[in-house]
Amino acid sequence: MREIKFKGWHLIDKYFIKVEAIYYDDDNKIRLIEYRDRDKKQRFSPITSIELIEFTGLKDKDGKEIYEDDIVKMYSGQITEIGWGDCGWRYLNEQRDPIPLLPAICRKLTVIGNICETPIKKP
């Protein structure tokens, strides 16, 4: 079973946060995020201020965790991003086709950034 966890991109302050808890309202909608800021202080923000980014449960060739919206360098040298699609976690090949992100592929790629801090140009 894979570990379910999130990190967050603070949309106002423009930095990553460590998500500690997610709070829902009576309608099961996310309303509040509890997190640690840069100084490791406990904070709370409404979901409108935080973009949640999910852990894929996979690691790259260096053991770094792979998250949704990460930018990776494939063993072929191609630079692409990780996302969720009809087939589950996926990346886009050079023809922009979605390809399932399998553990065997992850062992050959390197996380080099994310779309929040280092966006890639789309063709």
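Nothing here was measured: the structure is a model prediction, and the numbers come from that model.

Undergrad: Describe the side chain of T80, naming the residues involved and giving the relevant values.
TA: Looking at the element boundaries, T80 is found in strand β8 (residues 79-85). Judged by its relative accessible area of 1%, T80 is buried. A polar side-chain atom of T80 sits 2.9 Å from the main-chain carbonyl oxygen of L92. Sequence-distant contacts of T80, that is, excluding residues within four places in its chain, are made with D70, I71, V72, M74, Y91, L92 and I120.

Undergrad: Just give me the short version of the packing of aromatic side chains, but keep the residues and values in it.
TA: Pairs of aromatic rings are described using the distance from one ring centre to the other and the angle between the two planes. Scanning the entire structure with this criterion turns up four aromatic pairs. Geometrically, the ring pair formed by F55 and Y67 is tilted, given 5.3 Å between the ring centres and 45° between the ring planes. With a gap of 12 residues between them, F55 in strand β5 (residues 50-59) and Y67 in strand β6 (residues 65-67) connect regions that are remote in the sequence. On the accessibility criterion, Y67 (8% relative accessible area) is buried. Ring plane angle 80° and centroid distance 5.1 Å describe the contact between W84 and W89, whose orientation is recorded as edge-to-face. The exposure class of W84 is exposed, given its relative accessible area of 55%. When the ring centre of F16 is taken as reference, the NZ or CZ atom of K7 above it lies at 4.3 Å. One Lys or Arg, K108, reaches over the ring of Y75 and ends 5.2 Å from the middle of that ring.

Cut-offs used in this document
Residues numbered from 1 in each chain as written. Predicted model: local features only at pLDDT ≥ 70, side-chain atom pairs only at ≥ 80, totals over all residues. Heavy atoms only, no water. Helix = DSSP H or I, 4+ residues; strand = E, 2+ residues; numbered from the N terminus. Buried < 20%, exposed > 50% of the residue type's maximum accessible area, 1.4 Å probe, protein only. Polar contact = N/O pair within 3.5 Å; in protein donor to acceptor, adjacent residues only side chain to side chain. Contact = heavy atoms within 4.5 Å. Phe/Tyr/Trp six-rings, centres within 6.5 Å; stacked < 30°, edge-to-face > 60°. Lys NZ or Arg CZ within 6 Å of the ring centre and 35° of its normal.

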